[in-house]
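Chains, contacts and geometry: an overview
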Amino acid sequence: MNILLTGGAGYIGTHTCVAFQEQGHAVIVIDNLCNSRAVSLTRVEEITGKPVTFYPLDLRDRAGVQPVFERHPVDAVVHFAGLKSVAESVERPLMYYQNNIDATLALCDVMKHHGVKNLVFSSSATVYGNPETVPIKEDAPTAPFNPYGRSKRFIEEILTDLHQSDSSWNIALLRYFNPVGAHPCGRIGEDPSGVPNNLMPYISQVAVGKLPELMVFGDDYPTPDGTGVRDYIHVMDLAEGHVRALEKIISGSGLVTYNLGTGKGCSVREIIAAFEKASGRRIPVKISGRRPGDVPAYYADPSLAEKELNWRAIRGIDEMCADAWRWQSMNPAGYGETG
Ligand code: NAD
Ligand code: UFG
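What this report covers is the structure whose coordinates are included nearby. (Residues numbered from 1 in each chain as written. Chains lettered and ligands numbered in written order. Predicted model: local features only at pLDDT ≥ 70, side-chain atom pairs only at ≥ 80, totals over all residues. Heavy atoms only, no water.)

1. A word on the site of ligand 2
The local shell around ligand 2 holds 24 residues, among which N198, M215, R230, R291 and D294 are the closest. Between ligand 2 and F177 there is a distance of 3.0 Å, counted from an oxygen atom to a backbone nitrogen or oxygen. D294 places a polar side-chain atom, nitrogen or oxygen, 2.6 Å from an oxygen atom of ligand 2. Compared with its free state, where it exposes 690 Å², ligand 2 has 90% of that area covered by protein. For the shell around ligand 2, the element with the highest residue contribution is strand β8 (residues 214–217), accounting for four residues. When grouped by side-chain class, the residues that make up the shell around ligand 2 number 14 nonpolar, six polar and four charged. (Near = heavy atom within 4 Å. Polar contact = N/O pair within 3.5 Å; in protein donor to acceptor, adjacent residues only side chain to side chain. Areas by Shrake-Rupley, 256 points an atom, 1.4 Å probe, with all protein chains shown as cover. Helix = DSSP H or I, 4+ residues; strand = E, 2+ residues; numbered from the N terminus. Nonpolar A, V, L, I, M, F, W, Y, C, P; charged D, E, K, R; others polar.)

Below is the structure:
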C-alpha cells in the first residue's frame, strides 16, 4: 500500500516509517520540519534500505498538499503532524489550535476530494485528564485540562462527526500513553529542541552529561514510592500498533478508538533505576515540588487493542531504557551532530 505519513519526520513518525517499510508498504511523508530534521528520514532509508518520498510542506497549505495526492495513489493516511508541548500550549493556545486543528481540517478536505477515506490519527492519553480510575479504558470520560489535550479531543470529535456524515470513512483514533525509547540500531530517536520537558529524554541528557541533575517532580503522591506513575511504551511497539491499526481500518472498520499502552504503571524512581542499570551511569537526582497539572498515576487498559488489533506491547522498561541510552550516547547532540 501507499501510506502517507503527516509529521513523518518526527519522533514517532520515523519509527512508524520503518515499521511500514518493513511490512512492504511504500511511505510518503509530508512534514514542515517545525520540530524535526530531514536527516531523520535519510536515517530511516539507511535502516530499511528503501526510499522515503518526502515533501517539506505545511499541512495547512492545501494548494501544496493537493498535488501530493495527485502524484501518488494514496491508500491511507497516518496523521502525526501537530504541536505537542503541554506547557507551550498553555502559553500559546491559538497557535496550538490553529496548527493542530487547521492542519487536520485541511488534510481531511484534500483526502475527501481525492476519495481517500482511511485515516489513523495520533491522539493522546492526555484526553482523559485526571482519570477517575486506573487502568483507563477507552470509554472512560474525557476531560483534558490544557489546550494541547483539548486540541486532541476536538480533533477526535471532528473526525467522529466526519464519520457520522459519511460512514465510508475508516478512522482509528489512537490514544498513546508515554512513548519512549528508540529503534535498537541507535540511528533514529527522540530529539527534543532545547531542554526536554519529558522524563526519559531529560534522564538521557543527564546521563550523557548535558544536564547536571534530574528534578523529580514530587515524591509525595499517593503512589507506592511517592513519585508519579505512567504507562511508558516503547516507540517500536507503538509503531507496530500503527501497522495493526492500519490493517484494521483497511478492512472497513468504521470509526474505532484504541489505547496504545502496556497496561503497566511505572514510577519515576523505577525509571531512574532502570536507566542507571542500562547506561551504567549514576543519575544525580533532586526532589522538587510537584509540577503543576501533573496527575499522580495513569496507565492504560490496552485489552481492546489486544482483542481487536491482535497487538500487544512486548518490550519492557529495561529495553526502553537501553534503546533510549543507545540513541543518546551514539548521538549526544541528536540529529544536530552528524547532520
Ligand atoms: P514530533 O514533534 O517529533 O513530530 C510531529 C511532526 O509534525 C514534526 O516533525 C513536525 O515538524 C510536524 N508538524 C507539526 N505541525 C505541522 C504542520 N502544520 N504541517 C506539517 N508538519 C507539521 O512529535 P511526536 O512525538 O512524533 O508525536 C507525533 C504525534 O503524536 C503528535 O500529534 C503528538 O501530539 C502525538 N502524541 C505524542 C506523544 C509523545 O509523548 N511523544 C504522546 C501522545 C501523542
Ligand atoms: N518528571 C519528573 N522530572 C522531569 C520530567 C518529568 O519527575 O524532569 C515526572 C513527571 O512529574 C511525571 C513523569 O515524570 O510523573 C512523566 O512525565 P513526562 O513529562 O515524561 O510525561 P507526562 O505523562 O507528564 O506527559 C506526556 C506528554 C504529554 C502527553 C502525556 C500522555 O508530555 O504530551 O504524556 O500521553 F499528553
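Once the structure has been displayed, the description carries forward.
2. Things to note about the environment of I233
Topologically, I233 is positioned in strand β10 (residues 232–234). A residue is classified by how much of its surface remains accessible, and I233, at 0% relative accessible area, is buried. Distance in space between the C-alpha atoms of I233 and R315 is 7.8 Å, their sequence separation being 82 residues. In contact with I233, other than residues within four places in its own chain, are F177, N178, P179, V180, L238, L260, G261, T262, W311, A313 and M320. (Buried < 20%, exposed > 50% of the residue type's maximum accessible area, 1.4 Å probe, protein only. Contact = heavy atoms within 4.5 Å.)

3. Some details on the pattern of salt bridges
A full pass over the atoms with the stated rule returns 18 salt bridges. Residues R315 and E240 are paired through a salt bridge, measuring 3.2 Å at the closest nitrogen-oxygen approach. Of the two residues, R315 sits in the loop between α10 (303–309) and α11 (317–330) while E240 sits in helix α8 (residues 235–250), which places them 75 residues apart along the sequence. Take R315: its relative accessible area is 17%, and that puts it in the buried class. (Salt bridge = Lys/Arg side-chain N within 4 Å of Asp/Glu carboxyl O.)

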